[in-house]
Amino acid sequence: MNGAEDQVVGRARLASPLAWLLMMALVSQVLALALGSVDISLGALVAVLGGDGEALHRTLVLELRLPRSLAAFGTGALLALAGALMQVLLRNPLADPYVLGLSGGASVAALLAMLAGLGTTLVAGSAFAGALASTLIVFGLAHGTGSWTPTRMLLTGVVMAAGWGALISFLLAVSPVEQLPGMLYWLMGDLAYAGSPWLVLGVAAASLLVMLPLGRTLNVLARGGLQAAVLGVNVRRMEWLLYLLASLLTAVAVTTAGSIGFVGLMVPHMLRLKLGNDQRLILPASLLAGGTLLTLADTLARTMVAPQQLPVGVITALLGVPSFLYLLYRSR
Amino acid sequence: MASLETHELLIDVPGRAAGRCLDLQMKPGERWGVLGPNGAGKTTLLHTLAGLRPARAGEVWLDQRALARWRRRELARWLGVVFQEHHDDFPATVMETAMIGRHPYLSPWQRESGEDLAIAREALRRFDLDHLASRLVSTLSGGERQRVSLATVLTQAPRWWLVDEPTNHLDLHHQVAIMSLLEEQASAGCGVVMCLHDLNLAARWCSHLLLLYPDGEACWGPVEEMLELTALERLYDQPLTRVEVEGAPVFVPRR
């Protein structure tokens, strides 16, 4: 086999799963736009997107469903990407952004904001601040006086998450009854108040662009810090970058849609079972698959027991857990 | 001369008060064996030589330059390390594992070329691993996994090999195969430093020895000067018998 052929083979190996995932992403968007209180046929959908169509369809698709489905896609992409990065950082395939207490910090801050009677924007801002504060606390404590190790970091995060969990229960217990449904929805994830999708989509695309050239470096880092250092990786700098980026992604996602579990853990892990662990493939694949999963989950959440809406986090868990267990069982 | 030297080096073994400062001058073409009982600091020394952990005092110099003044990426083309422990938390094939040895030679956007693949293939072939190329490393036996680590460093093609217990987990045939590979690398102009548990492998395959005592004492020199029965008995705190096989000394523990 000569060099040119190898190059082609390498590209094809990357290109075909990504093309497939991209198609799935488009299908999920079409479904999200078509399904709902009023089902819209494919023809009508094409007409609306082409600038024509009935006024009701135009309002439904362009003003309600499209922003929400794009926000779902972007949020899912962020969560899956953050999970993939955290797993490399902690050299642990079972790590996810929530394990480190990020969502816990965000949730406590958001619930406090709700209790104080603040509006949606301030609740979101408060959640963002809570996520970042939790990040700094975990990283600072894991750093401690001794050395920084993935295990120590994971333990610090897990303990912090447990602490946040207790605070959340406390806040729920002392909150007035009429505020509980809103709080619970937020805790289980809800895209109803997502707002403009451009922030999540932009952050997802930008971080993929930052991380793609570092893909091979991440592959080496996944083999352990010492091995990576010997192969020329500046381990400390990479770990900081991974941690800050993953935290930022999670914070933006949590701010947009509340706390949605399982996506960050399951999507990268499922992809690894199928595609191996080349981050140059796993990172873009996570972005696409995470976005697709959350778009589908949100569509189900809107339609399953309509007119009532379910929290999307329930759906991601209900969809994700069996398929994850199945893949795990089937894997070598 | 791309020599590896230590200047007044004191390795940082936790809980050890002091010790003999090491002033080693290791030259390309030499095969250094580091011998010592468990906990004497063999691995610590190896990691210090690779710049992976700071020394308590003194410096390591490579090619007339202190290690601290090397860029990590540049150093990665000069120094290869075979570790005792492997982290296979994520699924990876044998070929993918060997290919990470090419990392120091590739720029961020560059993909591995056919040439890199050929180098990795040849390295796998050298260790009888070509038929396992697409197996997951987590499914290999201990000895096979150890050979993959050596193949990864062969793919990396460094000028200095720092090898921690290369014969761990290996059957006799592959022990000899690895020792002759390291000998071959040395005669091709590379330097080799290896921590060994097997005194007789060291006696047979090393050109120089460094004895590390648990109290921090140390002595070093050409192999024929170092294979002193009393010194070795003191090193391992174990009575030994010396016999000659094919003109070479062999040491056997006495009961």
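Since the model is a prediction, treat every value here as computed from it, not as a measurement. (Residues numbered from 1 in each chain as written. Chains lettered and ligands numbered in written order. Predicted model: local features only at pLDDT ≥ 70, side-chain atom pairs only at ≥ 80, totals over all residues.)

(A) Structural detail: the overall build of chain A. Helix and strand content of chain A: 14 helices and zero strands. The order of helices and strands in chain A, counted from the N terminus, is α-α-α-α-α-α-α-α-α-α-α-α-α-α. Here the C-alpha atoms of chain A give a radius of gyration of 20 Å, agreeing with the 20 Å that 2.2 N^0.38 yields for 332 residues. For the C-alpha atoms alone, the extent of chain A along its principal axes is close to 60 × 60 × 35 Å. (Helix = DSSP H or I, 4+ residues; strand = E, 2+ residues; numbered from the N terminus. Rg over C-alpha atoms; globule rule 2.2 N^0.38 Å.)

(B) Just the packing of helix α3 (residues 55-89) of chain A against helix α13 (residues 279-303) of chain A, in detail. Residue and element names in this part refer to chain A. Where α3 contacts α13, the two axes come as close as 6 Å, and the packing angle between them is 140°. Relative to α13, α3 is oriented oblique. For the element pair α3 and α13, the recorded crossing hand is right-handed. Looking at the contact of α3 with α13 residue by residue, the class counts come to 14 nonpolar, nine polar and two charged. (Axes fitted to C-alpha atoms, helices over the stretch in contact; angles between N-to-C directions. Parallel < 35°, antiparallel > 145°, perpendicular 65-115°, else oblique. Left-handed = near helix turned anticlockwise from the far one by under 90°. Nonpolar A, V, L, I, M, F, W, Y, C, P; charged D, E, K, R; others polar.)

(C) Looking closely at the interface of chain A and chain B. Opposite the 28 residues of chain A that make contact, chain B presents 25 residues. Breaking the side of chain A that touches chain B down by element, the ones donating at least two residues are α1 (3-34), α9 (215-221) and α10 (225-230) of chain A. When grouped by side-chain class, the residues that make up the side of chain A that touches chain B number 10 nonpolar, 12 polar and six charged. (Contact = placed C-beta atoms within 7 Å.)

(D) The environment of Ala15 of chain A, seen in detail. With respect to the element layout, Ala15 of chain A can be found in helix α1. Sequence-wise, Ala15 of chain A and Leu281 of chain A are 266 residues apart; in three dimensions their C-alpha atoms are separated by 8.7 Å.

(E) Spotlight on the sheet that holds strand β5 (residues 65-66) of chain B. Residue and element names in this part refer to chain B. Read from one edge to the other, the open sheet built from four strands follows the order β2-β1-β4-β5, with strand pairing classed as antiparallel. Lying at the two open borders of the sheet, with one neighbouring strand each, are β2 (25-26) and β5. Across two bridges, strand β4 (residues 57-62) lies against β5 in antiparallel orientation. Note that in β5 the partner of Leu62 across the bridge is Arg65. (Pairing = 2+ DSSP bridges.)

(F) The sheet that holds strand β6 (residues 79-82) of chain B, seen in detail. Residue and element names in this part refer to chain B. With mixed pairing, the six strands of this open sheet are ordered in space as β6-β7-β8-β3-β9-β10. Every other strand in the sheet has two partners, leaving β6 and β10 (218-222) as the edge strands with one partner each. If you compare each strand with its neighbour and ignore which way they point, the axes differ by 15° on average. Alignment of strand β3 (residues 31-35) against strand β9 (residues 208-212), held across four bridges, turns out to be parallel.

(G) How the structure looks around unusual backbone geometry. All names here are of chain B. Phi at Asp63 is positive, roughly 50°, even though this residue is not glycine. Checked against the element boundaries, Asp63 lands in the loop between β4 and β5. Here Asp128, not a glycine, exhibits a phi torsion of approximately 55°, which is positive. Tracing the chain through its elements places Asp128 in the loop between α4 (114-126) and α5 (142-156).

(H) Structural view of the domain arrangement of chain B. Residue and element names in this part refer to chain B. Taken domain by domain, chain B holds domain 1 (1-78 + 158-170 + 187-255) and domain 2 (89-157). Between the C-alpha centres of domain 1 and domain 2 there is a distance of 26 Å. Between domain 1 and domain 2, the residue contacts involve nine residues of the former and nine residues of the latter. Here the residues of the side of domain 1 that touches domain 2 sort into five nonpolar, two polar and two charged. (Domains from an automatic or database assignment.)

(I) Broad picture of the packing of helix α4 (residues 102-115) of chain A against helix α5 (residues 120-143) of chain A. All names here are of chain A. Viewed as axis vectors pointing N to C, α4 and α5 meet at an angle of 145°, and their least axial separation amounts to 7 Å. Considering how the two elements wind past one another, α4 and α5 form a crossing that is right-handed. Residue-level inspection shows Leu102, Gly104, Gly105, Ala106, Val108, Ala109, Ala110, Leu112, Ala113 and Met114 of α4 in contact with α5, the latter providing Leu122, Val123, Ser126, Ala127, Ala129, Gly130, Ala131, Ala133, Ser134 and Thr135.

(J) Looking closely at the pairing of strand β7 (residues 160-164) of chain B. All names here are of chain B. The element β7 is extensively covered by neighbouring structure, given that five of its five residues are classed as buried. In β7, alternate side chains face the same way, and those of Trp160, Leu162 and Asp164 on one face and Trp161 and Val163 on the other are all buried. Note that β6 and β7 share four bridges and pair parallel. Within the sheet, the bridge partner assigned to Val81 lies in β7 and is Leu162. Bridge count for β7 against strand β8 (residues 191-195) is five bridges, and the pairing is parallel. When the bridges of β8 are listed, Leu162 appears paired with Val193. In this fold, β7 hands off to helix α6 (residues 172-187), which returns the chain to β8; that crossover is right-handed. (Buried ≥ 20, exposed ≤ 12 C-beta atoms within 10 Å, placed from the backbone. Right-handed = clockwise from strand over helix to strand, strands pointing away.)

(K) Region of the structure containing the nonpolar core. In this structure, Leu78, Leu81 and Leu85 of chain A together with Val34, Leu162 and Leu211 of chain B are the most contacted members of the largest nonpolar core, which totals 165 residues. The element best represented in this core is α3 of chain A, accounting for 15 residues. When residues of this core are sorted by domain, at least three fall in each of domain 1 (1-78 + 158-170 + 187-255) and domain 2 (89-157) of chain B. By size, the runner-up hydrophobic cluster in this structure holds five residues, among which are Ala32, Leu33, Ile40 and Val48 of chain A. (Core = buried A, V, L, I, M, F, W, Y, C linked by C-beta atoms within 7 Å.)

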